[in-house]
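# An overview of the molecular structure
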There are 2 protein chains.
Amino acid sequence: MLKFSEGGGDGLDAVFHALSDPRRRAILTRLCEGPASVSVLAAPLGVSLPAVVQHLAVLEDAGVITSIKVGRVRTCTLAPNALRAAEAWLSARRLPQERRLDRLEALLSTESHEREPS
Amino acid sequence: MLKFSEGGGDGLDAVFHALSDPRRRAILTRLCEGPASVSVLAAPLGVSLPAVVQHLAVLEDAGVITSIKVGRVRTCTLAPNALRAAEAWLSARRLPQERRLDRLEALLSTESHEREPS
DNA sequence: ACAATACTTAAGTACATGCTTAAGTTTTCG
DNA sequence: CGAAAACTTAAGCATGTACTTAAGTATTGT
């Protein structure tokens, strides 16, 4: 049913798909400033609320945002390390000539998230 | 007709859409090792040639690869800086707490791109 | 209680995507 | 020339996407 259900793959399909829509990127950009409710997120987008709710579902299914409902308000938050996997994939696929910095970044990143076994 | 025609936006739609398919990512991964023909790219994918040609069109429309036909062989190549825009967008959308390394990376990158080491 | 608020669900539409098979089109080789 | 190789185009199909309007469900303020 769900095409990007995290089941078989590594979630990259879902993350990149989530990022491929300008409204969803706008939502993420807004969430960088801090958590926000559904209607606050919807306001600048110029589409109906249900459309926004669908976009949020795509983002949440991809693990890029989280949300909780308190009372009648659902508050959405950018997931920590949400885009890390996508960024890592991109870094690894630079041309050799562009790749010099990646080792440094990888080394530094090791300190901040769960240590990758080498 | 074309949804991602580079016309109105900045191309991020097209790039992220291109990356959202595992076969297209496999193609890019293969192209990191060097240019390849359509049938070489098709071989490990387990789908028909026309399907692969369509994937290549998506990648080329997104500006991620280039291709030229010589004789009856089309050779595809990873576009230089192809994924830079996507990576930049991602870096800019990290949480503040994760953003410490970005300044360093940005600084170092300034010295290295647009400058081929000879 | 009543109504406004803030979603949420449902149904439906138009178009895009990813795939297939079948039938071209060029080249290139014997 | 004639056939094989390497695409290329065309047509069609099943599913997915993004949106809409309309109706429903909780919560909250008066």
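Note: the structure precedes this text.
Residues numbered from 1 in each chain as written. Chains lettered and ligands numbered in written order. Predicted model: local features only at pLDDT ≥ 70, side-chain atom pairs only at ≥ 80, totals over all residues. Heavy atoms only, no water.

On to the packing of helix α1 (residues 12–19) of chain B against helix α5 (residues 84–92) of chain B. Residues and elements named next belong to chain B. The N-to-C vectors of α1 and α5 enclose an angle of 95°; their axes lie 9 Å apart at closest approach. What the angle tells us is that α1 and α5 run roughly perpendicular. Contacts between α1 and α5 involve Leu12, Val15 and Phe16 from the first element and Ala85, Ala86, Trp89 and Leu90 from the second. Of the residues that constitute the contact of α1 with α5, the class distribution is seven nonpolar, no polar and no charged. (Axes fitted to C-alpha atoms, helices over the stretch in contact; angles between N-to-C directions. Helix = DSSP H or I, 4+ residues; strand = E, 2+ residues; numbered from the N terminus. Parallel < 35°, antiparallel > 145°, perpendicular 65-115°, else oblique. Contact = heavy atoms within 4.5 Å. Nonpolar A, V, L, I, M, F, W, Y, C, P; charged D, E, K, R; others polar.)

So, about the sheet that holds strand β1 (residues 36–37) of chain B. All names here are of chain B. Read across the sheet, three strands follow the order β1-β3-β2 without closing on themselves; strand pairing throughout is antiparallel. The open sheet has two free edges, formed respectively by β1 and β2 (65–70), since each of these has just one partner strand. Where β1 and strand β3 (residues 73–78) come together, two bridges link them in antiparallel fashion. Across the sheet, the residue bridging to Ala36 is Cys76, located in β3. Lying on the sheet, helix α4 (residues 49–61) is in contact with β2 and β3; it crosses β2 at an angle near 120°. (Pairing = 2+ DSSP bridges.)

Every one of the 24 residues lining DNA strand C counts as a neighbour, but A:Ser39, A:Arg72, B:Arg23, B:Ser48 and B:His55 are closest to it. Backbone atoms, meaning sugar plus phosphate, form 64% of the atoms of DNA strand C positioned within 4 Å of the protein. Elements supplying a minimum of two residues to the surface near DNA strand C: α3 (38–42), α4 (49–61) and β3 (73–78) of chain A together with α2 (22–32) and α4 of chain B. With four residues, α4(B) is the single largest residue contributor to the surface near DNA strand C. Of the residues belonging to the surface near DNA strand C, the class tally is nine nonpolar, seven polar and eight charged. (Near = heavy atom within 4 Å.)

As a structural note, the neighbourhood of DNA strand D is formed by 24 residues, with A:Arg23, A:Ser48, A:His55, B:Ser39 and B:Arg74 the closest of them. Here, DNA strand D places atoms within 4 Å of the protein, and 65% of those atoms are sugar or phosphate. At 3.0 Å, a side-chain N or O of A:Gln54 approaches a base nitrogen of DNA strand D. Among the elements of the structure, α2 (22–32) and α4 of chain A together with α3 (38–42), α4 and β3 of chain B are those that each provide at least two residues to the surface near DNA strand D. (Polar contact = N/O pair within 3.5 Å; in protein donor to acceptor, adjacent residues only side chain to side chain.)

Another aspect to go through is the packing of aromatic side chains. Two measures describe an aromatic ring pair: the distance that separates the ring centres and the angle between the ring planes. For the coordinates displayed, the defined rule picks out three aromatic pairs over all chains. Seen from their ring centres, B:Phe16 and B:Trp89 are 6.1 Å apart, and the 75° between their planes marks the pair as edge-to-face. Of the two residues, B:Phe16 is situated in helix α1 and B:Trp89 in helix α5; the sequence distance between them amounts to 73 residues. Ring-pair connections join several aromatic residues into one group, and the members of that group are A:Phe16, A:Trp89, B:Phe16 and B:Trp89. (Phe/Tyr/Trp six-rings, centres within 6.5 Å; stacked < 30°, edge-to-face > 60°.)

Glancing now at the packing of α2(A) against α4(A). All names here are of chain A. For the pair α2 and α4, interaxial distance at closest approach is 10 Å and the crossing angle is 70°. Judged by the angle between their axes, α2 and α4 are roughly perpendicular. Every residue of α4 that contacts α2 at Arg23, Arg24, Ile27 and Leu28 is listed here: His55, Leu56, Val58 and Leu59. Among the residues forming the contact of α2 with α4, the class breakdown is five nonpolar, one polar and two charged.

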